Amino acid sequence: MKTIQSKIPEGALDKKWTSYKSKVPLVSPANKRKIDIIVVGTGLAGAAAAASLGELGYQVHCFTFHDSPRRAHSIAAQGGINAAKNYMNDGDSVFRLFYDTIKGGDYRAREANVYRLAEVSAAIIDQAVAQGVPFAREYGGLLENRSFGGVQVSRTFYARGQTGQQLLIGAYQSLSRQISLGNVKMYNRHEMLELVLIDGKARGIIARNLLTGKLERFGAHCVVLGTGGYGNVFYLSTNAMGSNATAIWKAVRQGAYMANPCFTQIHPTCIPVSGDYQSKLTLMSESLRNDGRVWVPAKKEDADAIRKGNKSANDIQEADRDYFLERRYPAFGNLVPRDVASRAAKVECDKGLGVSPTGLAVYLDFSAAIQRYGKSKAHVLGLHNPDETTIRSLGEKQVEEKYGNLFEMYEKITGDNPYKTPMKIYPAVHYTMGGLWVDYNLETNIPGLFATGEANFSDHGANRLGASALMQGLADGYFVLPYTIGNFLSEDIRTAKIDTSVAAFTNAEEKVQNRLNQLIGIKGNTSVETFHRRLGKIMWDYCGMARNAEGLQKARKLVQELRNDFWKDVFVPGSTQEFNPELEKAGRVADFIELGELMIVDALHRNESCGGHFREEYQTGEGETLRDDENFAYVAAWFWPNIDQEPELIKEKLEFENVKIASRSYK
Amino acid sequence: MKLNLKIWRQKNKESKGAFEKYEVLVNEHMSFLEMLDVLNEQLIDSKKDPVAFDHDCREGICGACSMVINGRPHGPNGGTTTCQLHMRYFKNGDDIVIEPFRARAFPVIKDLVVDRSAFDRIIQAGGFISVNTGQAQDGNAIPVSREQSSKSFDAAACIGCGACVAACPNGSAMLFTAAKISHLGLLPQGKVEHLRRTQDMVKQMDAEGFGFCSNIGACEAECPKEISLENIARMNRALIQASLTSE
C-alpha cells in the first residue's frame, strides 16, 4: 500500500508559511552556483520560477516547445489576477480570499496550500507593478479593481482584457534578464519527451530539438514542470493548439501521482461552436459578467423562432426573458462561479431554450449596462433630459472603454456587433484543476520533481475561481518554489554535476527514439487530427459537463479502443530527424488518449458531485451538486506507471480545521 | 467556396524554396488557419508533406502566426492577426498567395515558419526593469496617471509577431524595439534605466541585421495591435539624449 505525505507544517494556519520560511534549510550562494535546475515551460509558473531561481544564483536550464518563451498560453488570459490587497476597503482579507477559494473549489482543496496562496497574493501585484506591468489605474494614479465570479468583493487587478499577456511579458522580461546575465540557459523549440530518474530522484530530461529532430540529454539536480493544463484532451477547448500534457504524463509514467484528473473547468462564456472544422474555442472573459446579463427566452416558441432566424434577441420583450442566473442565484446573480453558471446554461439549452441554430447558446446582454453607464455619464455631463440615442451612445463608449478589445474579438470571430445585439455564448473546456500531485513543497511523490501552476493540482479543488490561475502560477513561481526547492536541494549540495552518459540517460533516450520511430513507422491511414477529434468527442460526451456511471463505463471502452486504433492506424508523414509538427502532435495525442482514460476512471470512482465534476446520479432536488463529504473528502491520487495494469488509487484525506465544511450555496 | 492557393514551400533553411499551387474547398465561417488545416488534412490524406506554419493561441495574442497573405503580413484586414482573419473576407474563386515573413534577420526554417529569435535577443539586451523577485514596494506606492499607464499599455500590447519587420522594405525592427522601450520608459518604474536600455536594445537590433528606418510607416499600417509610430519618435529622442548624456 502506497502512502502519501502532504508535509503540511505544524502550527496555526496563518503562521504555517511564516514559520516554514524561517526554518526551511538554505543553500549557500557558493553552492547554488554548482546546482543545476531544469525548468520546463515558460508560462507564468515556469518563467516566474526560472527567473526567480536564476536570481537566487542557481544554474537554470529552461525549456519551451515554442519559438520564444513569450508565446506560452498564459499570454491569452484575459480578465485579471486576484490579490487580497483590500485597496477597495470592501472587507477583503487574506482569510476571505482563502475562504472564497476553498468554498469555490467545493471543499476539495488543501487548506494550508490555499492559505499560503492567499497570503502571497498581494506581493505578486507589487512585483508585477515593479516589473512594469501597466495595470488599470484610477484617475488618482492608484490601482483599479473589479469583481469576478464567486466572490462579493472587488479584488481583481487587470490590464484591459489582456492581463495574462502583460503578466507573462513581465515574467518573460525577468527571465530575459537572467538569460542575459548567464544565470538561465534558454532552450527554445525543445520538447521534453522523457523524465530521467537516477536512484529514484528526478535528475534530468530527454528533450527533442524540434528544429533538427535530434534528441538531447539534460541533467540537473532537480526538475520543475510548469507545463500547464491538459484541457486539450477534449480537442476543442480554449487552450492554445500546442498546449499539451506530455511533460506531466511522462512523469506519471515514471511513477508520479496524478491527482483529481477528472476535475475540469468548463467556462461558461465562450463563443459557441459553429462547425465541424473548428480547431479551437475562444473565451469571452468572465469580467464581462460584471456588466453582462445572461438570459434565454422564457418561451420555447420564441427560442424556436430565434433558432430558425425568424426572430432576434431584440424582438423578445423584457417580460419574456428569463435571466436564469439572477433568478436561481439572487445573492451572486450573474457572478456565480464558473461551474454553476455553465451547468445552468446547459440546463436551459437542454430544455430547448438555446438561441443558436445548434441550440447550444445563451445570451450575454449588455443593454442594461449600456443604459446604466449612459445615464450616469449624461448626468456627469450635466445633460438632464438626454434622449435615448444620446444615452446609448454615451453608454456604448463606457462599455467600450472597459471591454473594447473583447467586443472587437467577438465581432471578428462571429461577424456580429455585440453593442447592438447580445453576445451568444456557451460553456467550453477552459482549465484543469487536476494535475500532478504535490505536497506543501510543490514536490511530487518523485523526489526532486516539482510541479507549478496549472500542471499541479494543489489550490483550486474541484472548481477554480476566476482570476485565480494567474495568481497561482505566479505565486508558485515567484514566491513559493524558490523557498521550498531549498528543502530538497539543501540535502543535495554534495551531489556532483549530473553525468548524462550514464545508463539511465542512454536507456531513456533509446526509449524515446523507439517511440518516435514507432509513430512514424505505423504508416496507417488516419491523421493524428482525426484521432484527436474522436478522443475529444468521447470526452465531451461522457466526461464533460455532466457525467454518469453508465456513460463513463462506455467511454472507457471507447477510449481503449481508440488507443488500439491509434497505434495501428495513425499516419505521420516525414521522418524523426527533421522539423516535423505532425510528429510532435502525434506524440501529444497519444499521451492525451492515455490521460483521457485516467480522467474517466477518476470521474467514475468519485461517486459524488462537486465543483466541475457533476455526476448526474448525485444532485439535489434543485439540480445542484451533491457532495459526499463522508466518503470523498480526499484528493484522489492515481499511480499508473504501467498502462497494462489498472490504475491504483491513493487517497490524501482533506482536513478542514479552519473553515466549516458546508454545502456550497450561492443563492 | 473554392480557393486557389499559391503557397511558399521550402524544405529547410538551406534549400531554395518555390511556390506550389493547391485548391481547397472551405466555408466562410472558418478562420484562415482553419482553411490551412483543411488543406493539410487533404495533403496528409494523400500522404504528402503538410504545410508547416507557426500558430498557437488562435485568438490573436500569442504572436506565433506569421504569414504574408497576398502581399500583406497577416492579410488584408487592419488590426488583425492571421488567426483572426476569417474566410468571409474572401470569395469563391479567389487566388491567395501565402508566403513566410521575409527579412534578413528572420531566416526561413520550413515553409511558412521563420526564426524570430532575434527578437528575444533584443529583449535580453535590456528590455526589462532590473528588479529581483521580492524587492518590490507596495503597488500603490508610486501613483501612475491613467493616461501614462494607458500609453504604456498601448506600447506593451505588442505581441512580438514580427509583422512590422515583414512589412518594412528595409526589414527594420524599429517598431518592435521602440514599443518595448516606450512600454517601460513611460512608467516611473522603468524610467531609471530608460536611456541605457534604449542604447543597449538599439545596439542589439543593429547587430541582428535588421535594416534602418526610413520613415515609411508600413510597420504601423500592418501591425495587428496598431502600435503607433509615435513610439519610434520616442525611441529616437531617447537615443539622441543618451548619446549626449551617457558615457
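Residues numbered from 1 in each chain as written. Chains lettered and ligands numbered in written order. Predicted model: local features only at pLDDT ≥ 70, side-chain atom pairs only at ≥ 80, totals over all residues.

1. Things to note about the overall build of chain B
- Secondary structure summary: chain B contains nine helices and seven strands in total.
- Its C-alpha atoms give chain B principal-axis dimensions of roughly 60 × 35 × 35 Å.
- A separation of at least 24 residues holds for 70% of the contacts in chain B among residues at least 6 apart in sequence. (Helix = DSSP H or I, 4+ residues; strand = E, 2+ residues; numbered from the N terminus. Contact = placed C-beta atoms within 7 Å.)

2. Describing the domain arrangement of chain A
All names here are of chain A.
- The assigned domain composition of chain A is domain 1 (269-429) and domain 2 (502-653).
- With centres defined by C-alpha atoms, the gap from domain 1 to domain 2 works out at 35 Å.
- Facing six residues of domain 1, the contacting portion of domain 2 comprises five residues.
- No other element matches the five residues that helix 10 (residues 338-350) contributes to the side of domain 1 that touches domain 2.
- Partitioning the side of domain 1 that touches domain 2 into residue classes produces two nonpolar, one polar and three charged. (Domains from an automatic or database assignment. Nonpolar A, V, L, I, M, F, W, Y, C, P; charged D, E, K, R; others polar.)

3. Here we look at helix 7 (residues 246-253) of chain A
Residues and elements named next belong to chain A.
- A large share of helix 7 lies buried, amounting to seven of its eight residues.
- If you check which residues of helix 7 are buried, you get T246, A247, I248, W249, K250, A251 and V252.
- One or two positions beyond helix 7, positive phi appears at G255, with a value near 110°. (Buried ≥ 20, exposed ≤ 12 C-beta atoms within 10 Å, placed from the backbone.)

4. Focus on the nonpolar core
- A:V224, A:V362, A:L436 and B:V165 are the most contacted members of the largest nonpolar core, which totals 293 residues.
- The element best represented in this core is helix 17 (residues 581-605) of chain A, accounting for 13 residues.
- In contact with B:V165, not counting residues within four places along its chain, are B:F101, B:A103, B:A105, B:F106, B:G171, B:S172, B:A173, B:F176 and B:F210. (Core = buried A, V, L, I, M, F, W, Y, C linked by C-beta atoms within 7 Å.)

5. As for the sheet that holds strand 8 (residues 215-219) of chain A
Residue and element names in this part refer to chain A.
- Across the sheet, three strands lie side by side as 6-7-8; this open sheet has antiparallel pairing. The open sheet terminates on both sides in strands that have one partner only, identified here as strand 6 (190-198) and strand 8. With strand direction ignored, the average angle separating the axes of adjacent strands in the sheet is 25°.
- Bridge analysis of strand 6 against strand 7 (residues 201-209) gives eight bridges, and the strand direction is antiparallel. (Pairing = 2+ DSSP bridges. Axes fitted to C-alpha atoms, helices over the stretch in contact; angles between N-to-C directions.)

6. Let's talk about the packing of helix 15 (residues 528-543) of chain A against helix 16 (residues 549-569) of chain A
Residues and elements named next belong to chain A.
- Close contact between helix 15 and helix 16 brings their axes to 9 Å; oriented N to C, the two are set at 170°. On the basis of their axis angle, the class for helix 15 and helix 16 is roughly antiparallel. Taking contact as the criterion, the partners of F531, R534, L535, I538, Y542 and C543 in helix 15 are, on helix 16, G551, L552, K554, A555, L558, V559, L562 and F566.
- Partitioning the contact of helix 15 with helix 16 into residue classes produces 11 nonpolar, one polar and two charged. (Parallel < 35°, antiparallel > 145°, perpendicular 65-115°, else oblique.)

7. What about the interface of chain B and chain A?
- Contact residues are listed per partner, giving 63 residues for chain B and 62 residues for chain A.
- Elements that contribute at least two residues to the side of chain B that touches chain A include exactly helix 1 (32-45), strand 6 (108-110), helix 2 (117-124), helix 3 (146-156), helix 5 (174-185) and helix 6 (188-191) of chain B.
- Each residue belonging to the side of chain B that touches chain A can be placed in one class, and the counts come to 24 nonpolar, 24 polar and 15 charged.

8. Some points on the packing of helix 11 (residues 367-380) of chain A against helix 12 (residues 388-414) of chain A
Residues and elements named next belong to chain A.
- Remark: helix 11 packs on helix 12, axes separated minimally by 7 Å, with the N-to-C direction vectors making an angle of 105°. When the axes of helix 11 and helix 12 are compared, the pair comes out roughly perpendicular. Seen from helix 11, the contacting residues are A369, I370, Q371, Y373, G374, K375, K377 and A378; seen from helix 12, they are T390, I391, R392, L394, G395, E396, Q398 and V399.
- Taken together, the residues of the contact of helix 11 with helix 12 break down into seven nonpolar, five polar and four charged.

9. Brief notes about the confidence of the model for chain B
- Mean pLDDT over chain B stands at 96; residues scoring 70 or higher make up 99%.
- Here the predicted complex scores 0.97 on pTM and 0.98 on ipTM. (pLDDT = per-residue confidence, 0-100.)

10. Digging into the sheet that holds strand 12 (residues 293-297) of chain A
Residues and elements named next belong to chain A.
- Pairing within the open sheet is antiparallel, and its five strands lie in the order 11-15-14-12-13. Looking at which strands have only one partner, the edges of the open sheet turn out to be strand 11 (264-270) and strand 13 (321-322).
- As paired elements, strand 11 and strand 15 (residues 423-432) share five bridges and run antiparallel to each other. Residue C270 lies in a different strand from strand 15, and its bridge partner there is Y426.

11. Here we look at the domain arrangement of chain B
Residue and element names in this part refer to chain B.
- Along its sequence, chain B is organised into domain 1 (2-110) and domain 2 (117-245).
- Spacing between the C-alpha centres of domain 1 and domain 2 amounts to 29 Å.
- In this complex, domain 1 contributes 18 residues to the contact, which on the side of domain 2 involves 17 residues.
- In the side of domain 1 that touches domain 2, the residues fall into eight nonpolar, seven polar and three charged.

12. Let's talk about unusual backbone geometry
Residues and elements named next belong to chain B.
- Phi is positive for K47, which is not a glycine, with a value near 60°.
- Judged by the 10 C-beta atoms lying within 10 Å of it, K47 falls in the exposed class.
- Residues other than glycine seldom take positive phi values, yet H74 does so here, at roughly 65°.
- Relative to the assigned elements, H74 resides in the loop between strand 4 (72-73) and strand 5 (95-100).
- H74 gets classed as buried once you count the C-beta atoms within 10 Å, which come to 28.

13. Notes on the environment of A:L535
All names here are of chain A.
- Mapping L535 onto the fold places it in helix 15.
- Look at L535 and you get buried, because 25 C-beta atoms sit within 10 Å.
- Along the backbone, L535 and A345 are 190 residues apart, and their C-alpha atoms lie at a distance of 24 Å.

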